[in-house]
Amino acid sequence: LTNLVKRSQLPSSETLGYQGEVNVQGEDQKKLDVISNDVLKRALRFTGKLGVLASEEEDTPVDIMPENAKQSEIVIDEGEKYVAVFDPLDGSSNVDAGIPTGTIIGIYEHDENCVVDENCIGEECTEQEAQCLANTLQPGTNLVAAAYCLYSSSTFLVLTLGSGTYGFTLDENIGEFVLSHPKIQIPETSKILSFNEANTHLWDEPLQKVVTGWKTGTGKSGETFSSRYIGSMVGDVHRTLLYGGVFGYPADTKNTSGKLRLLYEGAPMSFIMEQAGGLSTTGTQRVMEITPEIVHQRVPIVMGSKNDVQEVIDAYAAATAEKELVAN
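All of the points below concern the structure found in this document.

1. Focus: the packing of helix H4 (residues 205-216) against helix H7 (residues 306-327)
One way to put it is that H4 packs onto H7 with a least axis distance of 9 Å and a crossing angle of 140 degrees. Compared by their axis directions, H4 and H7 come out oblique. Note that H4 runs across H7; the crossing there is right-handed. Between H4 and H7, the contacting residues are Pro206, Leu207, Val210 and Trp214 on the first element and Asp308, Glu311, Val312, Ala315, Tyr316 and Ala319 on the second. Along the lines of polarity and charge, the residues of the contact of H4 with H7 split into eight nonpolar, no polar and two charged.

Structure (structure tokens):
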């Protein structure tokens, strides 16, 4: 994937431009999105460990076993232990400008009782497939692993298996990822905010007040924050993990549920962040505890340094308490 991204702007590249199709979110698909999606499906197929996957570029979860790879039906075969969810190329809309892009992956265990009878007919099949679909609709607390790859000055792989967060850097001379950031720990307090501040006036009032306090140095920490925002989740979260800070794509009056997808963006990145000592919240709820109702469900997110994110959580809690007091 990193080689595809590097070569994507060459005039001879087959990845230039748009595919001419729209994904299930209503977003124009770049050729690079579709190719990245296919590369990941092929790579995961041959692990022999995976039964079903859900991707930003797929309308529904799909079976990735060779004999069923071109079918849209959801099939779980015996012996396949895991469900993979992923965003194949986060930030692809900015790739033409050389902005860092990345891949986000989450791994769940699948329900061993999920079986689709090959001889089922009509609605009977639909019901069985719906049960298998539930394999992907799990809260982040069920994740067994999460990772992201960042394609930038180097190719970074950041991974958690539920016992800390570790960073690796690709050594292209030997073709291997080398442990470069053992046991990443995000600073508990910071002075960097990473939001699209053009939307500040559309945010919830508690978040507006907290961010204003950070920018004026009147927040809980007393620090005056500076702004660093790439507009690519993987790039912004990677910097936040290493330097500290708060990354957010909150809900606003235009996007009341936020814009990031819970299943394959919000939950895996929240798992990585929490394992590095940070927090991730919608403002009122821990992102990891939300069970998605649909594969492409969106969620508001604020994640990063523990003390700063807690300030956001406290602000929402105080606003809720005040509303209840007025109502009574």
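2. Quick word on unusual backbone geometry
In this structure, Lys183 takes a positive phi of about 50 degrees despite not being glycine. Topologically, Lys183 is positioned in the loop between strand S10 (176-181) and strand S11 (192-194).

3. What to know about H4
In this model, H4 (12 residues) spans 16 Å end to end at C-alpha, consistent with the 16 Å of a helix rising 1.5 Å per residue. If you check which residues of H4 are buried, you get Pro206, Leu207, Val210, Val211, Gly213 and Trp214. Mapping the buried residues of H4 onto a view down its axis gives an arc of 155 degrees, with all of them on the same face. Residues of H4 that are exposed and point more than 90 degrees away from the buried face comprise Glu205 and Lys209. One or two positions beyond H4, positive phi appears at Gly217, with a value near 75 degrees.

4. Considering the sheet that holds strand S12 (residues 226-227)
Pairing is mixed across the open sheet formed by five strands, whose spatial order is S12-S11-S13-S17-S15. In this open sheet, the two edge strands, each paired with only one partner strand, are S12 and strand S15 (279-281). Pairing analysis gives two bridges linking S11 to S12, with the strands arranged parallel. Along S12, the bridge assignment pairs Leu193 with Ser227. Across the sheet, helix H6 (residues 262-275) is in contact with S15 and strand S17 (301-304); its angle to S17 comes to roughly 25 degrees.

5. Things to note about the pairing of S17
Going residue by residue along S17, you find Ile301 and Met303 tucked away on one face and Val302 and Gly304 tucked away on the opposite face as well. Taken together, the four bridges between strand S13 (residues 246-249) and S17 define a ladder with antiparallel strand orientation. Each bridged residue has a counterpart across the sheet, and for Tyr249 the counterpart in S17 is Ile301. With three bridges connecting them, S15 and S17 associate as antiparallel partners. Paired with Leu279 across the strands is Gly304, a residue of S17.

The rules behind the values
Residues numbered from 1 in each chain as written. Predicted model: local features only at pLDDT ≥ 70, side-chain atom pairs only at ≥ 80, totals over all residues. Heavy atoms only, no water. Axes fitted to C-alpha atoms, helices over the stretch in contact; angles between N-to-C directions. Helix = DSSP H or I, 4+ residues; strand = E, 2+ residues; numbered from the N terminus. Parallel < 35°, antiparallel > 145°, perpendicular 65-115°, else oblique. Left-handed = near helix turned anticlockwise from the far one by under 90°. Contact = heavy atoms within 4.5 Å. Nonpolar A, V, L, I, M, F, W, Y, C, P; charged D, E, K, R; others polar. Expected span 1.5 Å × (residues − 1). Buried < 20%, exposed > 50% of the residue type's maximum accessible area, 1.4 Å probe, protein only. Arc of directions from axis to C-beta. Pairing = 2+ DSSP bridges.

These values are about where atoms sit, not about what they do.
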